[in-house]
Amino acid sequence: MSTTMYYFSGTGNSFFVAKELKKAFSGAELIPVVQAIQSDLVVTAADTVGFVFPCHGLTIPIPVKILMKKLDATSSDYFFATATRGGSVFRGFSIIDKALRKQGKKLNASFIINMALNDPKLSAFDVPSKEDLQALEEQAVQKIQDIKEIVEQRTTHHDDTAGVTFSTSNLLNWFLERLIPFMTHFISPAVKKYFYIDDKCTGCGTCEKVCPTQKLKMADNKPVWQRNVDCYLCYACLNFCPSKAIQIYSKVWMKSYTTERGRYPHPYVSLKDMAKQKNS
Ligand SMILES: Cc1cc2nc3c(=O)[nH]c(=O)nc-3n(C[C@H](O)[C@H](O)[C@H](O)COP(=O)(O)O)c2cc1C
(Lines give C-alpha, C1' and ligand atoms only; values in the text may rest on other atoms or scores of the structure.)
Protein backbone atom coordinates (compact mmCIF):
# COMPACT_ATOMS: atom_id res chain seq x y z
CA MET A 1 0.00 0.00 0.00
CA SER A 2 1.49 3.36 -0.97
CA THR A 3 0.32 6.30 1.12
CA THR A 4 0.56 10.03 0.53
CA MET A 5 -0.55 12.47 3.20
CA TYR A 6 -1.13 16.16 2.62
CA TYR A 7 -0.77 18.21 5.79
CA PHE A 8 -1.35 21.77 6.85
CA SER A 9 -0.46 23.11 10.28
CA GLY A 10 -0.33 26.58 11.83
CA THR A 11 1.17 25.85 15.21
CA GLY A 12 2.32 22.23 15.05
CA ASN A 13 -0.61 20.14 16.33
CA SER A 14 -1.50 18.79 12.89
CA PHE A 15 2.19 18.52 11.99
CA PHE A 16 2.74 16.33 15.07
CA VAL A 17 -0.16 14.09 14.01
CA ALA A 18 1.03 13.94 10.39
CA LYS A 19 4.56 13.03 11.51
CA GLU A 20 3.27 10.28 13.81
CA LEU A 21 1.07 8.93 11.02
CA LYS A 22 4.05 8.92 8.69
CA LYS A 23 5.89 6.74 11.23
CA ALA A 24 2.85 4.46 11.50
CA PHE A 25 2.57 3.90 7.72
CA SER A 26 5.97 2.74 6.59
CA GLY A 27 7.14 4.48 3.42
CA ALA A 28 4.38 7.10 3.56
CA GLU A 29 5.06 10.40 1.85
CA LEU A 30 4.24 13.67 3.64
CA ILE A 31 3.49 16.68 1.45
CA PRO A 32 2.80 20.20 2.77
CA VAL A 33 -0.53 21.45 1.39
CA VAL A 34 0.88 24.95 0.92
CA GLN A 35 3.52 23.59 -1.46
CA ALA A 36 1.15 21.25 -3.31
CA ILE A 37 -1.29 24.05 -4.12
CA GLN A 38 1.41 26.06 -5.89
CA SER A 39 0.58 23.86 -8.91
CA ASP A 40 -2.63 24.20 -10.92
CA LEU A 41 -3.22 20.46 -10.69
CA VAL A 42 -2.24 18.18 -7.80
CA VAL A 43 -1.83 14.62 -9.04
CA THR A 44 -1.15 11.69 -6.75
CA ALA A 45 -0.43 8.10 -7.72
CA ALA A 46 -0.66 6.70 -4.18
CA ASP A 47 -3.24 3.98 -3.41
CA THR A 48 -4.17 5.73 -0.17
CA VAL A 49 -4.42 9.48 0.29
CA GLY A 50 -4.69 11.22 3.65
CA PHE A 51 -5.35 14.81 4.66
CA VAL A 52 -4.28 16.20 8.05
CA PHE A 53 -5.19 19.73 9.11
CA PRO A 54 -6.63 21.90 11.90
CA CYS A 55 -10.29 22.79 12.24
CA HIS A 56 -10.68 26.49 11.42
CA GLY A 57 -14.00 28.15 12.12
CA LEU A 58 -15.74 24.73 12.36
CA THR A 59 -14.51 23.71 8.91
CA ILE A 60 -11.43 22.84 6.84
CA PRO A 61 -8.75 25.54 6.56
CA ILE A 62 -8.54 27.70 3.44
CA PRO A 63 -5.50 25.92 1.84
CA VAL A 64 -7.18 22.50 2.21
CA LYS A 65 -10.22 23.86 0.43
CA ILE A 66 -7.93 25.02 -2.39
CA LEU A 67 -6.25 21.59 -2.45
CA MET A 68 -9.59 19.82 -2.87
CA LYS A 69 -10.30 21.93 -5.95
CA LYS A 70 -6.93 21.05 -7.50
CA LEU A 71 -6.57 17.38 -6.53
CA ASP A 72 -6.73 14.74 -9.24
CA ALA A 73 -7.81 11.73 -7.20
CA THR A 74 -8.50 9.34 -10.05
CA SER A 75 -5.55 6.96 -9.45
CA SER A 76 -6.20 6.49 -5.73
CA ASP A 77 -8.87 4.36 -4.12
CA TYR A 78 -8.89 5.02 -0.37
CA PHE A 79 -9.10 8.44 1.26
CA PHE A 80 -8.98 9.50 4.89
CA ALA A 81 -8.94 12.84 6.68
CA THR A 82 -7.87 13.80 10.19
CA ALA A 83 -8.86 17.12 11.71
CA THR A 84 -7.21 18.37 14.88
CA ARG A 85 -9.31 20.80 16.87
CA GLY A 86 -9.81 22.61 20.15
CA GLY A 87 -13.18 20.96 20.74
CA SER A 88 -16.05 22.50 18.77
CA VAL A 89 -18.33 20.77 16.29
CA PHE A 90 -16.54 20.13 12.97
CA ARG A 91 -18.43 20.54 9.71
CA GLY A 92 -15.67 20.21 7.14
CA PHE A 93 -15.47 16.54 6.12
CA SER A 94 -18.43 16.92 3.77
CA ILE A 95 -16.43 19.42 1.65
CA ILE A 96 -13.69 16.84 1.15
CA ASP A 97 -16.21 14.08 0.47
CA LYS A 98 -18.08 16.22 -2.07
CA ALA A 99 -14.87 17.05 -3.96
CA LEU A 100 -13.91 13.36 -4.11
CA ARG A 101 -17.38 12.26 -5.20
CA LYS A 102 -17.10 14.55 -8.23
CA GLN A 103 -14.29 12.18 -9.32
CA GLY A 104 -16.21 9.00 -8.50
CA LYS A 105 -14.40 8.57 -5.14
CA LYS A 106 -15.40 9.23 -1.54
CA LEU A 107 -13.95 10.04 1.85
CA ASN A 108 -13.67 6.52 3.29
CA ALA A 109 -12.63 7.50 6.80
CA SER A 110 -12.61 10.65 8.88
CA PHE A 111 -11.10 11.25 12.29
CA ILE A 112 -11.09 13.98 14.91
CA ILE A 113 -8.25 14.52 17.35
CA ASN A 114 -8.81 16.96 20.20
CA MET A 115 -5.65 18.95 20.89
CA ALA A 116 -4.71 22.23 22.54
CA LEU A 117 -6.58 25.30 21.28
CA ASN A 118 -4.27 27.71 19.43
CA ASP A 119 -6.68 30.63 19.14
CA PRO A 120 -5.85 33.17 21.88
CA LYS A 121 -8.64 35.50 20.79
CA LEU A 122 -11.25 33.10 22.18
CA SER A 123 -12.27 33.39 25.83
CA ALA A 124 -11.95 29.58 26.06
CA PHE A 125 -8.22 29.89 25.32
CA ASP A 126 -5.81 29.06 28.10
CA VAL A 127 -2.14 28.15 27.83
CA PRO A 128 -2.22 24.42 28.58
CA SER A 129 -0.28 23.09 31.57
CA LYS A 130 2.35 20.35 31.19
CA GLU A 131 -0.17 17.85 32.59
CA ASP A 132 -2.88 18.96 30.12
CA LEU A 133 -0.43 18.61 27.25
CA GLN A 134 0.65 15.17 28.38
CA ALA A 135 -2.96 13.98 28.63
CA LEU A 136 -3.77 15.36 25.17
CA GLU A 137 -0.67 13.75 23.70
CA GLU A 138 -1.51 10.34 25.19
CA GLN A 139 -4.99 10.54 23.66
CA ALA A 140 -3.55 11.67 20.32
CA VAL A 141 -1.01 8.84 20.22
CA GLN A 142 -3.74 6.28 21.00
CA LYS A 143 -5.96 7.77 18.31
CA ILE A 144 -3.13 7.57 15.77
CA GLN A 145 -2.88 3.82 16.48
CA ASP A 146 -6.64 3.50 15.85
CA ILE A 147 -6.28 5.45 12.59
CA LYS A 148 -3.43 3.19 11.49
CA GLU A 149 -5.53 0.05 12.00
CA ILE A 150 -8.61 1.45 10.27
CA VAL A 151 -6.66 2.80 7.30
CA GLU A 152 -4.54 -0.34 6.90
CA GLN A 153 -7.68 -2.48 6.86
CA ARG A 154 -9.26 0.08 4.50
CA THR A 155 -12.49 0.09 6.43
CA THR A 156 -15.15 2.76 6.39
CA HIS A 157 -15.14 4.80 9.57
CA HIS A 158 -16.42 8.25 10.48
CA ASP A 159 -15.79 9.80 13.89
CA ASP A 160 -18.57 11.70 15.58
CA THR A 161 -17.93 15.36 14.74
CA ALA A 162 -20.08 16.80 17.50
CA GLY A 163 -18.43 19.09 19.99
CA VAL A 164 -19.50 22.00 22.09
CA THR A 165 -22.53 23.86 20.84
CA PHE A 166 -22.94 27.58 21.14
CA SER A 167 -26.18 27.90 23.00
CA THR A 168 -29.17 25.90 24.21
CA SER A 169 -31.18 27.07 21.19
CA ASN A 170 -31.10 24.54 18.35
CA LEU A 171 -32.08 27.23 15.89
CA LEU A 172 -29.21 29.51 16.94
CA ASN A 173 -26.76 26.57 16.80
CA TRP A 174 -27.98 25.65 13.32
CA PHE A 175 -27.44 29.24 12.18
CA LEU A 176 -24.01 29.70 13.80
CA GLU A 177 -22.71 26.36 12.54
CA ARG A 178 -23.33 27.60 9.01
CA LEU A 179 -22.42 31.25 9.48
CA ILE A 180 -19.01 30.62 11.09
CA PRO A 181 -17.62 28.41 8.26
CA PHE A 182 -18.92 30.96 5.76
CA MET A 183 -17.13 33.78 7.58
CA THR A 184 -13.92 31.72 7.77
CA HIS A 185 -13.72 31.10 4.03
CA PHE A 186 -15.23 34.22 2.57
CA ILE A 187 -14.92 37.08 4.98
CA SER A 188 -11.79 36.56 7.08
CA PRO A 189 -9.20 36.54 4.25
CA ALA A 190 -10.63 39.80 3.03
CA VAL A 191 -10.13 41.46 6.41
CA LYS A 192 -7.22 43.83 5.98
CA LYS A 193 -6.53 45.05 9.50
CA TYR A 194 -6.60 41.95 11.62
CA PHE A 195 -3.12 41.52 13.02
CA TYR A 196 -0.91 44.30 14.31
CA ILE A 197 2.35 44.54 16.26
CA ASP A 198 2.86 46.35 19.53
CA ASP A 199 6.07 47.95 20.80
CA LYS A 200 7.45 44.62 22.09
CA CYS A 201 8.41 43.66 18.52
CA THR A 202 12.19 43.18 18.29
CA GLY A 203 12.27 42.65 14.52
CA CYS A 204 13.55 39.08 14.88
CA GLY A 205 11.71 37.86 11.76
CA THR A 206 10.30 34.65 13.34
CA CYS A 207 6.82 35.58 12.10
CA GLU A 208 7.98 35.81 8.48
CA LYS A 209 9.73 32.43 8.78
CA VAL A 210 6.72 30.56 10.13
CA CYS A 211 4.08 32.22 7.93
CA PRO A 212 3.08 29.49 5.47
CA THR A 213 2.43 32.01 2.70
CA GLN A 214 4.04 35.21 1.48
CA LYS A 215 1.49 37.22 3.49
CA LEU A 216 4.05 38.38 6.02
CA LYS A 217 7.22 40.16 4.92
CA MET A 218 9.78 42.01 6.99
CA ALA A 219 10.32 45.66 6.01
CA ASP A 220 12.54 48.01 8.03
CA ASN A 221 12.85 45.27 10.66
CA LYS A 222 9.09 45.03 11.23
CA PRO A 223 6.51 42.55 9.90
CA VAL A 224 4.18 43.86 7.23
CA TRP A 225 1.07 41.89 6.23
CA GLN A 226 0.88 42.11 2.43
CA ARG A 227 -2.49 43.43 1.27
CA ASN A 228 -2.58 41.44 -1.97
CA VAL A 229 -1.84 38.03 -0.39
CA ASP A 230 -4.53 35.95 1.31
CA CYS A 231 -4.04 35.00 4.94
CA TYR A 232 -4.65 31.31 5.77
CA LEU A 233 -5.60 32.30 9.34
CA CYS A 234 -3.27 29.71 10.85
CA TYR A 235 -2.07 32.07 13.64
CA ALA A 236 1.51 30.85 13.34
CA CYS A 237 2.78 34.46 13.41
CA LEU A 238 0.78 35.22 16.54
CA ASN A 239 1.67 32.07 18.47
CA PHE A 240 5.36 31.72 17.58
CA CYS A 241 6.33 35.38 18.20
CA PRO A 242 8.87 35.08 21.05
CA SER A 243 7.92 38.53 22.41
CA LYS A 244 4.14 38.06 22.14
CA ALA A 245 4.23 41.28 20.12
CA ILE A 246 1.70 40.23 17.48
CA GLN A 247 -1.89 40.96 18.43
CA ILE A 248 -5.36 40.62 16.95
CA TYR A 249 -7.57 43.65 16.83
CA SER A 250 -11.35 43.33 16.93
CA LYS A 251 -13.01 45.81 14.60
CA VAL A 252 -16.33 44.99 16.18
CA TRP A 253 -15.33 45.64 19.79
CA MET A 254 -12.60 48.14 18.80
CA LYS A 255 -10.01 46.61 21.13
CA SER A 256 -7.27 44.02 21.14
CA TYR A 257 -8.31 40.46 21.80
CA THR A 258 -4.89 39.13 22.67
CA THR A 259 -2.68 41.52 24.67
CA GLU A 260 -3.60 39.89 27.98
CA ARG A 261 -3.42 36.30 26.73
CA GLY A 262 -0.61 33.77 26.42
CA ARG A 263 0.30 31.87 23.27
CA TYR A 264 0.33 28.24 22.19
CA PRO A 265 2.73 26.54 19.80
CA HIS A 266 2.95 22.73 19.98
CA PRO A 267 5.75 21.83 22.45
CA TYR A 268 7.79 19.65 20.06
CA VAL A 269 7.49 21.58 16.84
CA SER A 270 10.45 23.66 15.72
CA LEU A 271 10.51 26.87 13.73
CA LYS A 272 12.37 24.90 11.07
CA ASP A 273 9.52 22.37 10.85
CA MET A 274 7.04 25.16 10.30
CA ALA A 275 9.22 27.04 7.84
CA LYS A 276 9.60 23.80 5.85
CA GLN A 277 5.92 23.94 4.93
CA LYS A 278 6.62 26.62 2.37
CA ASN A 279 10.28 25.78 1.58
CA SER A 280 11.01 22.07 1.51
C1 LIG B 1 -8.49 30.80 13.04
C2 LIG B 1 -8.70 29.59 13.90
C3 LIG B 1 -9.96 29.05 14.01
C4 LIG B 1 -10.16 27.93 14.81
N5 LIG B 1 -11.40 27.41 14.86
C6 LIG B 1 -11.65 26.33 15.61
C7 LIG B 1 -12.96 25.79 15.67
O8 LIG B 1 -13.89 26.24 15.04
N9 LIG B 1 -13.14 24.69 16.45
C10 LIG B 1 -12.13 24.12 17.18
O11 LIG B 1 -12.39 23.14 17.87
N12 LIG B 1 -10.87 24.61 17.12
C13 LIG B 1 -10.61 25.70 16.36
N14 LIG B 1 -9.33 26.21 16.29
C15 LIG B 1 -8.27 25.54 17.04
C16 LIG B 1 -7.46 24.60 16.17
O17 LIG B 1 -8.29 23.83 15.32
C18 LIG B 1 -6.62 23.62 17.01
O19 LIG B 1 -5.92 24.26 18.02
C20 LIG B 1 -5.69 22.85 16.09
O21 LIG B 1 -5.27 21.67 16.71
C22 LIG B 1 -4.48 23.67 15.66
O23 LIG B 1 -3.71 22.89 14.79
P24 LIG B 1 -2.32 23.38 14.19
O25 LIG B 1 -1.39 23.58 15.37
O26 LIG B 1 -1.88 22.26 13.33
O27 LIG B 1 -2.57 24.64 13.44
C28 LIG B 1 -9.09 27.33 15.51
C29 LIG B 1 -7.82 27.88 15.38
C30 LIG B 1 -7.62 29.00 14.59
C31 LIG B 1 -6.23 29.57 14.48
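Just so we're clear, the structure is a prediction, and the values are computed from it rather than from any experiment. (Residues numbered from 1 in each chain as written. Predicted model: local features only at pLDDT ≥ 70, side-chain atom pairs only at ≥ 80, totals over all residues. Heavy atoms only, no water.)

Draft legend 1. Representation of the nonpolar core in the model. In this structure, Y6, L21, F51, F53, F80, I96 and F195 are the most contacted members of the largest nonpolar core, which totals 73 residues. A domain-level breakdown of this core finds at least three residues from each of domain 1 (3-158) and domain 2 (191-275). Residues in contact with L21, not counting those within four places in the same chain, are M5, V52, F80, T82, I144 and I147. (Core = buried A, V, L, I, M, F, W, Y, C linked by side-chain atoms within 4.5 Å. Buried < 20%, exposed > 50% of the residue type's maximum accessible area, 1.4 Å probe, protein only. Domains from an automatic or database assignment. Contact = heavy atoms within 4.5 Å.)

Draft legend 2. Representation of the environment of L271. Note on placement: L271 falls in helix 9 (residues 271-275). Classification of L271 as partly exposed rests on a relative accessible area of 34%. Counting along the chain gives 59 residues from L271 to P212, while the straight-line C-alpha distance between them is 11 Å. Apart from residues lying up to four places away in sequence, L271 is in contact with T206, V210 and F240. (Helix = DSSP H or I, 4+ residues; strand = E, 2+ residues; numbered from the N terminus.)

Draft legend 3. Looking closely at the pattern of salt bridges. In this structure the tally under the stated criterion is seven salt bridges. K121 is the partner of D119 in a salt bridge, and the nearest nitrogen-oxygen pair spans 2.8 Å. Measuring nitrogen to oxygen at the nearest pair gives 3.1 Å for the salt bridge that ties E152 to K148. Of the two residues, E152 and K148 both sit in helix 5 (residues 130-153), four residues apart, roughly one turn of that helix. On the basis of relative accessibility, which here comes to 21%, the residue K148 falls in the partly exposed class. (Salt bridge = Lys/Arg side-chain N within 4 Å of Asp/Glu carboxyl O.)

Draft legend 4. Structural detail: the sheet that holds strand 13 (residues 255-256). An order of 9-12-13 is seen for the three strands of this open sheet, with the pairing classed as antiparallel. Looking at which strands have only one partner, the edges of the open sheet turn out to be strand 9 (195-197) and strand 13. Sheet topology places strand 12 (residues 246-250) next to strand 13; two bridges connect them, and they run antiparallel. Note that in strand 13 the partner of S250 across the bridge is K255. (Pairing = 2+ DSSP bridges.)

Draft legend 5. Main features of helix 5. In this model helix 5 runs 35 Å from its N-terminal to its C-terminal C-alpha over 24 residues, within 8% of the 34 Å that 1.5 Å per residue would give. Residues of helix 5 that are buried: A140, K143, I144, I147, I150 and V151. Turning to helix 5, the residues buried within the fold contact helix 1 (13-24), strand 4 (48-54), strand 6 (78-85), strand 7 (109-114) and strand 8 (157-158). One or two steps after helix 5, the chain reaches R154, where phi turns positive at roughly 55 degrees. (Expected span 1.5 Å × (residues − 1).)

Draft legend 6. Geometry of the side chain of H266. Tracing the sequence through the fold places H266 in the loop between strand 13 and helix 9. Exposure remark for H266: the relative accessible area of 7% places this residue in the buried category. With residues up to four places along the chain from it excluded, the contact list for H266 reads T11, G12, N13, F16 and M115.

Draft legend 7. Quick peek at the pairing of strand 4. Burial runs high along strand 4: seven of the seven residues are buried. Burial along strand 4 is two-sided: T48, G50, V52 and P54 facing one way and V49, F51 and F53 facing the other are all buried. Pairing of strand 1 (residues 3-7) with strand 4, which is carried by five bridges, proceeds in the parallel orientation. The residue of strand 4 that forms the bridge with M5 is G50. The pairing of strand 4 with strand 6 spans seven bridges and is classified as parallel. Along strand 6, the bridge assignment pairs V52 with T82.

Draft legend 8. Structural context of the site of the ligand. Taken together, 23 residues lie around the ligand, and S9, T11, S14, C55 and S88 are the ones closest in. Between the ligand and the protein, one listed contact pairs an oxygen atom with a backbone N or O atom of G86 at 2.9 Å. Burial of the ligand by the protein amounts to 95% of the accessible area it has alone, namely 650 Å². For the shell around the ligand, the secondary structure elements donating two or more residues are helix 1 and strand 6. Here the shell around the ligand is built from residues that sort into eight nonpolar, 13 polar and two charged. Inspection of the shell around the ligand shows a minimum of three residues originating in each of domain 1 (3-158) and domain 2 (191-275). (Near = heavy atom within 4 Å. Polar contact = N/O pair within 3.5 Å; in protein donor to acceptor, adjacent residues only side chain to side chain. Areas by Shrake-Rupley, 256 points an atom, 1.4 Å probe, with all protein chains shown as cover. Nonpolar A, V, L, I, M, F, W, Y, C, P; charged D, E, K, R; others polar.)

Treat this as a map of the structure, not an account of what it does.
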